[in-house]
Amino acid sequence: MKRFSIILIIFVLASCENNFLERSPIIGITQDNFYETEEDAIAAVNAAYAALQFELSPGGHFRWFWGDIMSDDSEKGGSGDNDVFELTLLETFQGPVNTDMLEGEWSACYEGIYRANTVLEYVPPMEISDATKNQVVAEAKFIRAWFFYNLVTIFGDVPKVDRLLSASEYNMPRSSANEIWDLIIQDLTEAAAALPLKSQYSAGDLGRITKGAAQALLTKAYLWQENWSAAEATAEAIINSNEYQLTPNYADIFTSAGENNMESVFEIQYMNASGGNWGKNNANEGTFTNVFQRPRGAFEGYGFNIPTQDFVDEFFAEGFEDPRLSSTVFREGEQMGDRGTFTKEATGMPFDFYPKKYFNSKGEEAPFGDPNPNGGSNDRVIRYADVLLMHAEAAAKNGNEAAAKNSLNEVRARANASGSVTVPAITANGQALIDAIYRERRIELGLEGHRFFDLVRTGRAANVLGGLGYVEGTHNVFPIPQSQIQATNGAITQNPGY
């Protein structure tokens, strides 16, 4: 069974004046009569899981919007600048503050936090087995931490909603990013201590949060805080768990058969038979990424997230074509699954490249209903390769260069699986080693939503993105949605420079 069932029982997504905290129960079911059995506790946390899948709530928002299009790895694409013009403005660092994309990201994150907080409020007092209770609570803490991680890296200071609020608390001001990071680290530390290992789950629970997932996100949090020793130790714990391995062939990772494989640490689950539609996808279990990233014209997509020439050139920087390029980018003349050969005439657009990792063939489309909101590709949020590269970075920053090179070169060695070329081991030291790790992240994790955040986190964004309009101190974060400033009567304030 590929995915556990997502059951929405007590949650609806009604809101008043876009307030991210006001919610109403379905008639006949309340907190008072719902939280009684282990099945109730599991259903409640499943509802929190469902928020991970939101992509249109109310506007389109994807990890690759922020991580790829806002970086030097890709550009918006579509049918031109006026196709989702707000995204054009965002990728050129011109705002705006009143777009559904920002509102969608904010709303989805706080909806997930609300659902997690509801679990954390009502499950601990339940008279159920400690094993179920502890796991459900730990999963909810991870989910809350994940949404706060997105909020703090996208918006900076945000309201610290760490409990269910009374109506008088709805207009909550922003807390400092440091306070949010403290909550993230606390939640993930506690979650990691209680969650099962990946190998301890049954097949029917495939996709649930594991100890390794909590440790991996905790490692990311430590890197943002430049706590190199904690980051190295936490990543090393994942490595030493022997729960994960690199998939032998890089090309297999993003196939349907490659979902939830030995390299998967944290994947958001999607399915191509959910029956989702183009409404606000509050209960949709399919992804829109497939159709958004697929070429236009004969390929029946919308053609967003177009790889840049600079990104493609990076794969040739060592004097040969890195074999991972062919699994990351389509080039003209290549076959696009069962949909035909990529030519500019077939797409009707002038783009030289298209993203490949989330491409789906015609034969993989939903068996019923509209296939566009029912894409089946899981979002590979954290792979073991990411863990190894985080370990390499932290170890290098700690002066443990031998360990850093071991992890870095394990990732590079896997790239040799195609046999077309030999990707050599890195032998550099000092800053050259750190630069090699940064470059490896760009190649290995390309078009997976990491690049912009890696540039900001490592202080390289102004140098790399300055020509696109990026200004250090302003564009490290995105604008707070204007709707939230208005809904809270100004209690939430705007980020500087917007």
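No experiment lies behind these values; they were computed from the predicted model shown.

This part takes up the overall build of the protein chain. Looking only at helices and strands, the protein chain features 18 helices and six strands. Since a compact globule built from 498 residues should have a radius of gyration of about 23 Å, the 22 Å found for the protein chain is in line with a globular shape. The C-alpha extent of the protein chain, read off along each of the three principal axes, is 65 × 50 × 45 Å. Considering the protein chain as a whole, with its 498 residues, one finds that 60% of them fall into the buried category. Long-range contacts, defined here as pairs at least 24 residues apart, represent 70% of the contacts in the protein chain between residues at least 6 apart. As presented, the protein chain carries roughly 18,100 Å² of accessible surface, and 49% of it is formed by carbon and sulfur atoms. Charge centroids of the protein chain, computed over 38 positive and 67 negative side chains, lie 3 Å from each other.

A separate point is helix α15 (residues 430–444). For α15, with 15 residues, the first-to-last C-alpha span of 21 Å sits near the 21 Å given by 1.5 Å per residue. Those residues of α15 hidden inside the fold are in contact with α8 (211–224), α11 (309–314), β6 (379–383), α13 (384–397), α14 (401–414) and α16 (451–457).

This part takes up the confidence of the model for the protein chain. On average, residues of the protein chain score 92 in pLDDT, and 93% of them reach the 70 mark or higher. For the protein chain, helix α1 (residues 31–34) is the element with the lowest average pLDDT, namely 70, and α13 is the one with the highest, namely 99.

Considering all chains together, one arrives at five cavities of 30 Å³ or more under this definition. Contributing to the lining of the largest cavity are 39 residues, with R63, W146, N150, D379 and V381 lying nearest its centre. For the lining of the largest cavity, the elements supplying multiple residues, two or more each, are α3 (63–69), α5 (100–122), α6 (130–155), α8, β6 and α16. Per element, the largest residue contribution to the lining of the largest cavity is six residues, and it comes from α6.

Here the focus is the packing of helix α9 (residues 228–240) against α13. Put simply, α9 and α13 touch, their axes get as near as 8 Å, and they point 145 degrees apart. Like other packed secondary-structure pairs, α9 and α13 cross with a definite hand, here left-handed. Contacts between α9 and α13 involve W228, A231, E232, A235, E236, I238 and I239 from the first element and Y384, V387, L388, H391, E393, A394, A395 and K397 from the second. Taken together, the residues of the contact of α9 with α13 sort by class into ten nonpolar, one polar and four charged.

Mapped onto the elements of the fold, E448 is located in the loop between α15 and α16. Only 2.6 Å separates the side chain of E448 from the side chain of K357, close enough to count as a polar contact.

Our next topic: the pattern of salt bridges. Scanning the entire structure with this criterion turns up 41 salt bridges. A salt bridge links E318 to R439, with the nearest nitrogen and oxygen atoms 3.1 Å apart. Taken together, the positions of E318 in the loop between α11 and β4 (329–331) and R439 in helix α15 put the pair 121 residues apart, joining distant regions of the chain. Of the residues examined, E318 reaches a relative accessible area of 30% and is grouped as partly exposed. Owing to a relative accessible area of 18%, R439 belongs among the buried residues under this scheme.

Another aspect to go through is the layout of surface pockets. To find leftover empty space, a probe the size of one water molecule is rolled over the atoms. Taken as a whole, the largest pocket encloses approximately 400 Å³ of empty space. Along the wall of the largest pocket there are 23 residues; nearest its centre are F254, T255, S256, F359 and E364. Partitioned by chemical class, the residues of the lining of the largest pocket number six nonpolar, eleven polar and six charged.

Attention now moves to unusual backbone geometry. Of note, the bond from S57 into P58 is cis; its omega dihedral lies within 30 degrees of zero at 5 degrees. For P58, the position within the fold is in the loop between α2 (38–50) and α3. Looking along the chain, the bond that leaves G95 and enters P96 is cis, with omega of -5 degrees. Structurally, P96 can be placed in the loop between α4 (85–91) and α5. Within the chain, N242 stands out as a residue other than glycine whose phi angle is a positive 60 degrees. Along the chain, N242 falls in the loop between α9 and β2 (264–268). Exposure remark for N242: the relative accessible area of 65% places this residue in the exposed category. One non-glycine residue with positive phi stands out, namely N489, at about 55 degrees. Position of N489 relative to the elements: it lies in the segment after α18 (482–487).

A few words now on the environment of K362. Within the secondary structure, K362 is located in the loop between β5 (353–355) and β6. On the accessibility criterion, K362 (40% relative accessible area) is partly exposed. Between the C-alpha atoms of K362 and R442, which are 80 residues apart in sequence, the distance is 29 Å. Residues in contact with K362, not counting those within four places in the same chain, are E300, D338 and R339.

Another point: the environment of F368. One can find F368 in the loop between β5 and β6. Take F368: its relative accessible area is 43%, and that puts it in the partly exposed class. For the pair F368 and S274, spaced 94 residues apart in the sequence, the C-alpha separation amounts to 8.9 Å. In this structure, F368 is in contact with A273, S274 and G275, ignoring residues within four places of it in sequence.

Calculation criteria
- Residues numbered from 1 in each chain as written.
- Predicted model: local features only at pLDDT ≥ 70, side-chain atom pairs only at ≥ 80, totals over all residues.
- Heavy atoms only, no water.
- Helix = DSSP H or I, 4+ residues; strand = E, 2+ residues; numbered from the N terminus.
- Rg over C-alpha atoms; globule rule 2.2 N^0.38 Å.
- Buried < 20%, exposed > 50% of the residue type's maximum accessible area, 1.4 Å probe, protein only.
- Contact = heavy atoms within 4.5 Å.
- Areas by Shrake-Rupley, 256 points an atom, 1.4 Å probe, with all protein chains shown as cover.
- Lys, Arg positive; Asp, Glu negative; His and termini not counted.
- Charge placed at Lys NZ, Arg CZ, Asp CG, Glu CD.
- Expected span 1.5 Å × (residues − 1).
- pLDDT = per-residue confidence, 0-100.
- 1 Å grid on protein atoms, 1.4 Å probe; cavity = no way out; pocket = protein on both sides within 12 Å on 5 of 7 lines; lining within 4 Å.
- Points joined across faces, edges and corners; volume = space filled by probe spheres on them.
- Axes fitted to C-alpha atoms, helices over the stretch in contact; angles between N-to-C directions.
- Left-handed = near helix turned anticlockwise from the far one by under 90°.
- Nonpolar A, V, L, I, M, F, W, Y, C, P; charged D, E, K, R; others polar.
- Polar contact = N/O pair within 3.5 Å; in protein donor to acceptor, adjacent residues only side chain to side chain.
- Salt bridge = Lys/Arg side-chain N within 4 Å of Asp/Glu carboxyl O.

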